[in-house]
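Given next are the chains, with one letter for each unit.
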Amino acid sequence: MVELKNVDVYYKEGDVEALNDVNLRINDGEFVFIVGSSGAGKSTLLKLLTRERKPTNGRVFVNGYNLSKLRDGKIPKFRRSIGMIFQDFRLIPNLTVYENVAFVLRVTDRSRRFIRQRVPYVLNLVRLSDKARAYPSQLSGGEQQRVAIARAFASDPGLIIADEPTGNIDPELSYEIVELLKDINKCGTTVLMVTHEHDLVKYFGGRIISLKKGSVDFDDYIGGNDG
Ligand code: ADP
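Remember, it's a predicted structure, so these values are computed and weren't measured experimentally.

## Thoughts on the sheet that holds strand S1 (residues 2-11)
Piece 1. As summarised here, the arrangement of the four strands in space is S2-S1-S4-S5, forming an open sheet in which the pairing is antiparallel. Whereas interior strands pair on both sides, the edge strands pair on one side only; in this sheet they are strand S2 (16-26) and strand S5 (65-66).
Piece 2. Taken strand by strand, helix H1 (residues 42-49) contacts S1, S2 and strand S4 (57-62), and its axis lies near 120° from that of S1.

## Structural notes on the site of the ligand
Piece 1. Lining the immediate environment of the ligand, one finds Tyr11, Glu13, Val16, Ala18, Ser37, Ser38, Gly39, Ala40, Gly41, Lys42, Ser43 and Thr44.
Piece 2. Within the backbone of Gly39, an N or O atom sits 2.6 Å from an oxygen atom of the ligand.
Piece 3. Side-chain polar atom of Ser43 to an oxygen atom of the ligand: 2.6 Å apart, as the coordinates give it.
Piece 4. Here the element with the most residues in the shell around the ligand is H1; it accounts for three residues.
Piece 5. Class assignment for the residues of the shell around the ligand results in four nonpolar, six polar and two charged.

## Structural notes on a positive patch on the surface
Piece 1. Together, Arg71, Lys74, Lys77 and Arg80 make up a positively charged patch on the protein surface.
Piece 2. On the secondary structure map, Lys77 appears in helix H2 (residues 75-79).
Piece 3. Accessibility expressed as a relative area gives 53% for Lys77, which makes it exposed.

## Some details on the packing of helix H4 (residues 112-125) against helix H5 (residues 141-154)
Piece 1. Relative to each other, H4 and H5 sit at 135°, their axes nearing to 9 Å. Classified by the angle their axes make, H4 and H5 are oblique. Note that H4 runs across H5; the crossing there is right-handed. Counting all contacts with H4, which are made through Arg118, Tyr121, Val122, Leu123 and Leu125, the residues of H5 involved are Ala150, Phe153 and Ala154.
Piece 2. Here the contact of H4 with H5 is built from residues that sort into seven nonpolar, no polar and one charged.

## Here we look at the sheet that holds strand S3 (residues 31-35)
Backbone-to-backbone hydrogen bonds join strands into a sheet, with any given pair of strands oriented parallel or antiparallel.
Piece 1. An order of S6-S7-S8-S3-S9-S10 is seen for the six strands of this open sheet, with the pairing classed as mixed. Single-partner strands in this sheet number two, and they are strand S6 (82-86) and strand S10 (215-222). The mean angle between the axes of side-by-side strands here comes to 15°, regardless of whether they run parallel or antiparallel.
Piece 2. Here strand S7 (residues 159-163) pairs with strand S8 (residues 190-194) via five bridges, running parallel. Residue pairing across strands places Ala162 opposite Met193, the latter belonging to S8.
Piece 3. Against the sheet, H5 contacts S6 and S7, and its axis sits at roughly 170° relative to S6.

Rules behind the numbers
Residues numbered from 1 in each chain as written. Predicted model: local features only at pLDDT ≥ 70, side-chain atom pairs only at ≥ 80, totals over all residues. Heavy atoms only, no water. Pairing = 2+ DSSP bridges. Helix = DSSP H or I, 4+ residues; strand = E, 2+ residues; numbered from the N terminus. Contact = heavy atoms within 4.5 Å. Axes fitted to C-alpha atoms, helices over the stretch in contact; angles between N-to-C directions. Near = heavy atom within 4 Å. Polar contact = N/O pair within 3.5 Å; in protein donor to acceptor, adjacent residues only side chain to side chain. Nonpolar A, V, L, I, M, F, W, Y, C, P; charged D, E, K, R; others polar. Patch = residues over 30% accessible without salt bridge, like charges linked within 9 Å, V, L, I, M, F, W, Y side chains within 5 Å. Areas by Shrake-Rupley, 256 points an atom, 1.4 Å probe, with all protein chains shown as cover. Salt bridge = Lys/Arg side-chain N within 4 Å of Asp/Glu carboxyl O. Lys, Arg positive; Asp, Glu negative; His and termini not counted. Charge placed at Lys NZ, Arg CZ, Asp CG, Glu CD. Buried < 20%, exposed > 50% of the residue type's maximum accessible area, 1.4 Å probe, protein only. Parallel < 35°, antiparallel > 145°, perpendicular 65-115°, else oblique. Left-handed = near helix turned anticlockwise from the far one by under 90°.

Right, dumping it as structure tokens:
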């Protein structure tokens, strides 16, 4: 569950009220698009959810953690409950596809047996089993993002945050990326996807949260065209 209660974020530098009395609740298992023009506060919202920033006022809850009270020493454990997907993929260039996914499981001390089962499972989910031995530079942008999705999902996090995941991908392949995130969502993971691609949002529909000048300007469900 993700919840913001009366959240303000004020940046002293620049004297900017980036978020202003934001109240939100996203239940476990939801899929939500977060939209808004540049400067609306989307990145600031994501920084709150990953505890890169604390709110100036108000409270933030993510995956059962009260982030206002979270001690610094507990931040790494908290962050492991979130899978992140970025616009620029952020794969490790000198590791194979398989190793990129296995890496996140190794650093969290998962057993070898678990890793041997889990990595092929998530690579199959994103339909990249045949690329397991390839390096990121040998893949298209769309394929690299599919690896990043597999990596984000590998540790079975409660929440996946995708920050403009289709921003560097051919438009016709963007739909496939959202479909994969939808598949992962069907496994029970909450997915928040920040995007500025209105066509995608209209096509898939669902819950849309729109930020405008630091406030929630729209938070409702729209019908999609994907049948
Ligand atoms: P978005 O991601 O929707 O483009 P941001 O959250 O990045 O919006 O920014 C919201 C507002 O806060 C903007 O006016 C931006 O200039 C300002 N802002 C963002 N980060 C900082 C910062 N580190 N210092 C000062 N102002 C910032």
